[in-house]
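Residues per chain, in single letters:
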Amino acid sequence: TYPAAQLFSFNNVDTDKLALIEPLAIGCHAVERARIQKEDIVMVIGAGPIGLSTAMFAQLSGARVLMMDLNEERLSFCCEHLKLSETIIAREDSKEQIRELLQGNWPTIILDATGNKHSMNQTFQYAASGATIVFVGLFTGEVTFHDPLFHKKELTLKATRAALSNDFLRIGKLIEEGTIDPSFMITHRLSFQSVPELFSTLTAPENQVMKAIIDMDIIK
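Residues numbered from 1 in each chain as written. Predicted model: local features only at pLDDT ≥ 70, side-chain atom pairs only at ≥ 80, totals over all residues. Heavy atoms only, no water.

1. What about helix α7 (residues 165–177)?
For α7, with 13 residues, the first-to-last C-alpha span of 19 Å sits near the 18 Å given by 1.5 Å per residue. Along α7, the residues classified as buried are Asp167, Ile171, Gly172, Leu174 and Ile175. Within α7, the buried residues cover an arc of 160 degrees as seen down the axis, which keeps them to one side. Exposed side of α7, more than 90 degrees from the buried face: Asn166 and Lys173 are the residues found there. On its buried face, α7 is in contact with α1 (15–34) and α2 (49–60). (Helix = DSSP H or I, 4+ residues; strand = E, 2+ residues; numbered from the N terminus. Expected span 1.5 Å × (residues − 1). Buried < 20%, exposed > 50% of the residue type's maximum accessible area, 1.4 Å probe, protein only. Arc of directions from axis to C-beta. Contact = heavy atoms within 4.5 Å.)

2. Concerning unusual backbone geometry
Phi at Gln103 is positive, roughly 55 degrees, even though this residue is not glycine. Structurally, the position occupied by Gln103 is in the loop between α4 (94–101) and β4 (109–112). A relative accessible area of 74% means that Gln103 is categorised as exposed. Phi is positive for Ala162, which is not a glycine, with a value near 55 degrees. Following the sequence through the fold, Ala162 ends up in the loop between β6 (156–159) and α7.

3. Side note on a nonpolar patch on the surface
On the surface, Phe192, Phe199, Ile214 and Met216 cluster together into a nonpolar patch covering about 340 Å² of accessible area. By the secondary structure assignment, Ile214 is in strand β8 (residues 211–215). (Patch = residues over 30% accessible without salt bridge, like charges linked within 9 Å, V, L, I, M, F, W, Y side chains within 5 Å. Areas by Shrake-Rupley, 256 points an atom, 1.4 Å probe, with all protein chains shown as cover. Salt bridge = Lys/Arg side-chain N within 4 Å of Asp/Glu carboxyl O.)

4. Re α2
Count 3.6 residues to each turn of an α-helix, and residues three or four apart come out pointing the same way. The end-to-end C-alpha distance of α2, which contains 12 residues, comes to 17 Å, matching closely the 16 Å that a straight helix rising 1.5 Å per residue would cover. Counting buried positions over the 12 residues of α2 gives nine, a clear majority of the element. All of the buried residues in α2 are Pro49, Gly51, Leu52, Ser53, Thr54, Ala55, Met56, Phe57 and Ala58. Gly62, located one to two residues past α2, shows a positive phi value of around 85 degrees.

5. With respect to the sheet that holds β6
Here we have six strands laid out as an open sheet, ordered β3-β2-β1-β4-β5-β6, and parallel in their pairing. Pairing within the sheet leaves two strands with one partner each, and these edge strands are β3 (87–89) and β6. In this sheet, adjacent strand axes meet at a mean angle of 20 degrees when their direction is disregarded. Of the strand pairs in this sheet, β4 and strand β5 (residues 132–135) are connected by four bridges, and their pairing is parallel. What sits directly across from Ile110, in β5, is Ile133. (Pairing = 2+ DSSP bridges. Axes fitted to C-alpha atoms, helices over the stretch in contact; angles between N-to-C directions.)

6. With respect to the packing of aromatic side chains
The geometry of an aromatic ring pair is captured by the separation of the ring centres together with the interplanar angle, meaning the angle of the planes. Under the criterion given, the structure shown has six aromatic pairs. A centroid spacing of 5.8 Å and a plane angle of 5 degrees characterise the contact between Phe8 and Phe168, whose relative ring orientation is stacked. Of this pair, Phe8 sits in the segment before α1 while Phe168 sits in helix α7, and the two are 160 residues apart along the sequence. A residue is classified by how much of its surface remains accessible, and Phe168, at 22% relative accessible area, is partly exposed. The rings of Phe124, Phe135, Phe145 and Phe150 are connected pair by pair, giving a single aromatic cluster. (Phe/Tyr/Trp six-rings, centres within 6.5 Å; stacked < 30°, edge-to-face > 60°.)

7. Focus on the pattern of salt bridges
Evaluation of the coordinates by the stated rule reveals six salt bridges. We note a salt bridge from Lys17 to Asp181, for which the minimum N-O separation is 3.8 Å. Placement of the pair is Lys17 in helix α1 and Asp181 in the loop between α7 and β7 (186–191), with a sequence separation of 164 residues. The exposure class of Asp181 is partly exposed, given its relative accessible area of 44%. Of the charged contacts, one joins Arg35 and Glu32 as a salt bridge, the two residues approaching to 3.1 Å between their closest N and O atoms. Judged by its relative accessible area of 43%, Glu32 falls in the partly exposed class. Linked by salt bridges that have partners in common, Asp16, Arg189 and Asp215 make up one network.

In structure tokens form, the structure reads like this:
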């Protein structure tokens, strides 16, 4: 048994899309924490599944959205499916790329979904004065930054974790209405019987897995 108050019912949403609501809710909640306005320049760092969902909901705000990642194939995937045309390759000249792309300006909202210490520490360098930085990904360790820079820019630093019930309800409604279609995130499928043999392949970088669906075809 399960408390009915913790269950959500949606109409006309297939099971594949229902399976994506929980990971989508992480990005949805992160964007809610960021308090994005239309005039903001938003940069999402990390083009994995959580970064994609974060960018998707950032786009709904009407703001300008950029994506940064060190993997060019993931950036291409993001451009194709989210129709994002502005991307930055994470490397030593990232600051120069951002400055050129934004014609001397800097992002006013940064959402880091990498869970990578170096990437998270670097966000303070990329932020505009008065910007908000939201750490979506996490790692076991300490985040460090140059305090005079943090104060000079009057930055706001936020963390985000999991999601709220309203996030689930909102996403279900957006899918029902056809406002979003997250199906593109499902790049791989496997049967329940093949899990012992194939599960390890899902984490292999060369297989370019975003989200995988396991079909529970043995359950009657």
